[in-house]
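What follows is each chain in one-letter form.
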Amino acid sequence: MGIFEIIMDYLVIIFAHNPFAPWIRGVLGGLVIGAVFAGALVMVYLERKFLGDMQSRIGPNRVGRFGVLQLIADAIKLFTKEDIIPAKADKWLFIGAPIVALTSGFLMVAVIPFDLLVIKGEEYAVAVSRMDISILYLEAVSGLAIFATFMAGWGSSNKYAVLAAFRNVAKMIGYEIPLGITIISVAVMAHSLDIVEIVEAQSSIWFIIAQPLGFVVFFIALLADVGRIPFDQTEAEEELVAGWATEYSGMRWGLAFFAEYLHAVVGSFIVALIFLGGWNGLPIVGNLYIPGIFWVIAKVIIVMMLFIWIRAALPRYRIDQVIDIGWKVLIPLALLNLVWSTIIGLMWA
């Protein structure tokens, strides 16, 4: 059971006959969503600053000290811009696409554990909710973002947006398969589909060491899944203007842009949890106590920095190259890793 579930149950008991109970539950849910928003905003700022450093140019530095208020200025700009819906667009698909994209990210956050607490011999995951099949839940819910891109492309009634939508479908078919096979490999080695138990299975050895090939396959497939360079063909500015988001303006564009970063942050959490040991720390710290949540956050930042480094170093691939990598390279490697994981899993069993 997740620690947030326990808190909510406790509040239900206390406020069972209190008319303000729904409001209290809403406030708690809003705090969780606000924390997720804050984390994604931090990642946006870090990317802009570190890309500037890596490319020997000046990043945000004028709005606030070190440019820390730049994102607030951008939000004000987007909120005050005119919201335009194309005359020939499918209005409901056009409006719903950014909402679906954000919803997908928030649904994924619901099962992300940040730590595991032991209270009076009982284990409590620091998560909104804990599921026995949480890793499969993440894989299923992440697919909603694909529908969001297609909704935006088709609903915009724009040739560039439609091309971007079909590119996204092509990537989905080619990369969801190795991504899913690698997740199965992790579950086989950990003998569980629960992310908490997968992390606990790494208390002696992290899965990045036990199955390095699986980590490489998963990371590349994740880059394609969240649309990061060099796999951002759905919004290739040189070819498709802005891809599926070409017709969006104002805060709708801001929400679509923010949803991509939200998925990248959640993807970084998944990598940190299923391959980098989650809240299991490094043995070099000895008896020094460091809360597990700090280990998780540190590993997430490292993964996100790797995303940024790859963006600064690699050019965008052509769509045919992307499809070839998915079908001809990643799927065979993912199957090979599955065989290896099965052998190691049987030995550990």
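Our structure is the block above this text.
For the structure given in this document, a descriptive report is provided here. Starting afresh in each chain, residues are numbered from 1 along the sequence in its written order. Predicted model: local features are reported for residues with pLDDT of at least 70 only, side-chain atom pairs are reported and counted for 80 or more only, and whole-chain, interface and lining totals are derived from all residues. As a rule here, side-chain values come from all non-hydrogen atoms in the structure, and water together with hydrogens is ignored.

## A few points about the overall build of the chain
Here is step 1 of the chain: The helix and strand labels rest on DSSP assignments: H or I over at least four residues marks a helix, E over at least two residues marks a strand, and numbering proceeds from the N terminus. When its secondary structure is counted, the chain shows 14 helices and 2 strands.
Here is step 2 of the chain: When a residue's accessible area, from a 1.4 Å probe over protein chains only, is under 20% of the maximum for its type it is buried; when over 50% it is exposed; and in between it is partly exposed. Taken over 349 residues, the chain has a buried fraction of 46%.
Here is step 3 of the chain: Long-range contacts, defined here as pairs at least 24 residues apart, represent 77% of the contacts in the chain between residues at least 6 apart.
Here is step 4 of the chain: The protein chains shown are the only cover counted for residues, whose accessible areas, like all others here, come from Shrake-Rupley with a 1.4 Å probe. Of the accessible surface of the chain, which amounts to about 17,600 Å², a share of 71% is contributed by carbon and sulfur atoms. We call two residues in contact when some of their heavy atoms are within 4.5 Å.

## Topic: helix α5 (residues 134-142)
Here is step 1 of the chain: With respect to burial, α5 is a largely interior element, 7 of its 9 residues being buried.
Here is step 2 of the chain: Among the residues of α5, those classed as buried are Ser 134, Ile 135, Tyr 137, Leu 138, Glu 139, Val 141 and Ser 142.
Here is step 3 of the chain: In this structure, the buried residues of α5 make contact with α4 (91-109), α6 (144-156), α7 (159-190), α8 (195-200), α10 (212-225) and α12 (250-274).

## Concerning the side chain of Ser 185
Here is step 1 of the chain: With respect to the element layout, Ser 185 can be found in helix α7.
Here is step 2 of the chain: Of the residues examined, Ser 185 reaches a relative accessible area of 0% and is grouped as buried.
Here is step 3 of the chain: Non-local contacts of Ser 185, meaning those with residues more than four positions away in its chain, are made with Gln 211, Ala 334, Asn 337, Leu 338 and Ser 341.

## Re the environment of Ile 310
Here is step 1 of the chain: Within the fold, Ile 310 resides in helix α13 (residues 292-313).
Here is step 2 of the chain: Overall, Ile 310 belongs to the buried group, its relative accessible area being 12%.
Here is step 3 of the chain: Along the sequence, Ile 310 and Arg 228 sit 82 residues apart, while their C-alpha atoms lie 8.9 Å from each other.
Here is step 4 of the chain: Look past the residues within four positions of Ile 310 in its chain and what remains in contact with it is Phe 219, Leu 223, Ile 229 and Pro 230.

## Some points on the packing of aromatic side chains
Here is step 1 of the chain: When the centres of two rings from Phe, Tyr and Trp lie within 6.5 Å, Trp using its six-membered ring, the rings pair. Their planes under 30 degrees apart give stacked, over 60 give edge-to-face, and anything left gives tilted. Inspection of every chain in the model, using the stated rule, returns 10 aromatic pairs.
Here is step 2 of the chain: For the ring pair Phe 114 and Phe 269, a centre distance of 5.4 Å and an interplane angle of 80° mean the geometry is edge-to-face. On the criterion of sequence distance, the pair formed by Phe 114 in the loop between α4 and β1 (116-119) and Phe 269 in helix α12 is long-range, its members being 155 residues apart.
Here is step 3 of the chain: Residue classification places Phe 269 among the buried positions, given a relative accessible area of 13%.
Here is step 4 of the chain: With 5.6 Å between their ring centres and 50° between their planes, Phe 218 and Phe 275 make a pair best called tilted. On the criterion of sequence distance, the pair formed by Phe 218 in helix α10 and Phe 275 in the loop between α12 and α13 is long-range, its members being 57 residues apart.

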